[in-house]
Amino acid sequence: MCPVLSHLDGRFESADAEAEHRIAVLYQEFGGPLLRHVRKSTGNDLQWAEDVVQETLVRAWRNSARLQWEPGLLWAWLLTVARRIVIDGRRRKSVRPHEVEPPEVDMMAVPDGSERALSAIVVADALRSLSDEHREVIEQTYLRDRTISEAAAILGIPPGTVKSRLYYGIRALRELLRDKGVAG
Amino acid sequence: MHDGVAAYVLGVLDDSEHEAFERHLEVCEQCQAELVELAEVPDRLDELKQAPSASEDDPPMSMSR
């Protein structure tokens, strides 16, 4: 008889059961919506999207403080975590041919009659109406899958400046999109 | 630190800053509120990234004209 071990065994079992329950709840609550969301950024690569969703939910599950958040905040965090995982994955794996050269803003909005293309026109217009400084940092970071420091080196400005311009640029972009009715 | 929220939402912070911001986010209600506000802006930008080649069987019209 070993009380310490049996005590530990008991704890591990219940911790496993609790962990299993929590991750099942996470999948139930967020798995479907997150998968639909992630698929858009994996170019409909379902296998990749499923891996991203799994990794995202495991990170959430490991982070009990996050799980206390209200659902809107937790969802925003999950989207952000998933996006980062997709970006990291895209940087690692060989990119799809059409993603090698990100399009310039001027040729981005291709009218094909679909709702998304119309929305893309609105977003391209909003981007164009930002100041040059704001548009530039958005193009040189997110639209080209570059980090702050990579973009800073290319632009020849300090990383802190890129980060700050990105903040004001993204806020301005969001205001413009909200006025045009396409902000989320 | 607060102005890192946009770069964080976009997923473009360098690794060490990304981790530092994650810790900051745990305790900063202002950044939590901004995270919610900005969370879908990158999706709008994705429409630009994907618009010219929405799918393989749907070539952009500008290329076929």
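Note that the structure is predicted; figures quoted are calculated from it, not measured.

> Which parts of the structure should I look at to understand the UniProt feature "domain: Putative zinc-finger" (unreviewed entry) in chain B?
Residues annotated in UniProt with the feature "domain: Putative zinc-finger" (unreviewed entry) correspond here to residues 6–32 of chain B. Split by type, residues 6–32 of chain B is 81% helix and 0% strand. Its first and last C-alpha atoms lie 11 Å apart.

> In this structure, what is going on with the environment of Arg90(A)? I would like to understand it.
All names here are of chain A. As for its placement among the helices and strands, Arg-90 is situated in helix H4 (residues 71–92). Sequence separation between Arg-90 and Asp-145 is 55 residues; the distance between their C-alpha atoms is 8.3 Å. Here the side chain of Arg-90 touches Ser-41 through a polar contact of 3.1 Å, landing on its backbone oxygen.

> Got a minute to help me understand the packing of aromatic side chains in this structure?
In this description, an aromatic ring pair is defined by two values, namely the gap between the centres and the angle between the planes. Residue and element names in this part refer to chain A. Under the defined criterion, the tally for this structure stands at 4 aromatic pairs over all chains. Ring geometry for Tyr-167 and Tyr-168: centres 5.0 Å apart, planes at 80 degrees, overall edge-to-face. Take Tyr-168: its relative accessible area is 48%, and that puts it in the partly exposed class.

> How do you make sense of the layout of surface pockets when you look at a structure like this?
Space left empty within the atom packing is revealed by a probe, the size of a water molecule, rolled over the atoms. Roughly 260 Å³ of internal volume is contained in the second largest pocket. Forming the walls of the second largest pocket are 20 residues, and the residues nearest its centre are His37(A), Lys40(A), Ser41(A), Asp43(B) and Asp46(B). Those elements that place two or more of their residues in the lining of the second largest pocket are helix H1 (3–41) and H4 of chain A together with helix H4 (41–50) of chain B. Among the residues making up the lining of the second largest pocket, the classes are represented as 7 nonpolar, 3 polar and 10 charged.

> Got a minute to help me understand the pattern of salt bridges in this structure?
Opposite charge on two side chains permits pairing when their charged atoms draw close. Summed over the entire model, instances satisfying the criterion amount to 18 salt bridges over all chains. Taking the shortest distance from any N to any O, the salt bridge between Arg165(A) and Glu133(A) comes out at 3.5 Å. Separated by 32 residues along the polypeptide, Arg165(A) in helix H8 (residues 159–179) and Glu133(A) in helix H6 (residues 132–140) bring together distant segments of the chain. Residue classification places Glu133(A) among the partly exposed residues on the basis of a relative accessible area of 43%. What emerges from the salt-bridge pattern is a single network uniting Arg171(A), Arg174(A), Glu175(A), Arg178(A), Glu34(B) and Glu37(B).

What counts and what doesn't
- Each chain carries its own residue numbering, running from 1 in the written order of its sequence.
- Whichever chain is written first is A, and whichever ligand is written first is 1; the rest continue in order.
- Only residues with pLDDT of at least 70 get local features here, since the model is predicted, and only at 80 or more are side-chain atom pairs given and counted; chain-wide, interface and lining totals rely on the full set of residues.
- To obtain the side-chain values, all non-hydrogen atoms of the structure were included, while hydrogens and water were left out.
- UniProt positions are given in the numbering used here, feature names are shortened, and annotations may be inferred rather than shown by experiment.
- Secondary structure counts use DSSP, requiring at least four H or I residues in a row for a helix and at least two E residues in a row for a strand, with both numbered from the N terminus.
- Two N or O atoms count as a polar contact when they lie within 3.5 Å, although within protein this holds only if one can serve as hydrogen donor and the other as acceptor, and sequence-adjacent residues are included solely when both atoms are side-chain atoms.
- The rule is short: rings of Phe, Tyr and Trp, with Trp giving its six-membered ring, pair when the centres are within 6.5 Å, and they are stacked under 30 degrees, edge-to-face over 60, tilted in between.
- When accessible area is computed with a 1.4 Å probe and restricted to protein chains, residues below 20% of their type maximum are described as buried, those above 50% as exposed, and intermediate ones as partly exposed.
- A cavity here means a set of points on a 1 Å grid, drawn over the protein atoms and nothing else, where a 1.4 Å probe fits but cannot get out; a pocket is an open set with protein on both sides within 12 Å along at least five of seven lines, and a residue lines either one if it has an atom within 4 Å of a point.
- Grid points are joined across faces, edges and corners, and a volume is the space filled by probe spheres set on the points.
- Here the term charged refers only to Asp, Glu, Lys and Arg, the term nonpolar to Ala, Val, Leu, Ile, Met, Phe, Trp, Tyr, Cys and Pro, and the term polar to all other amino acids, Gly among them.
- Any carboxyl oxygen of Asp or Glu within 4 Å of a side-chain nitrogen of Lys or Arg constitutes a salt bridge here.

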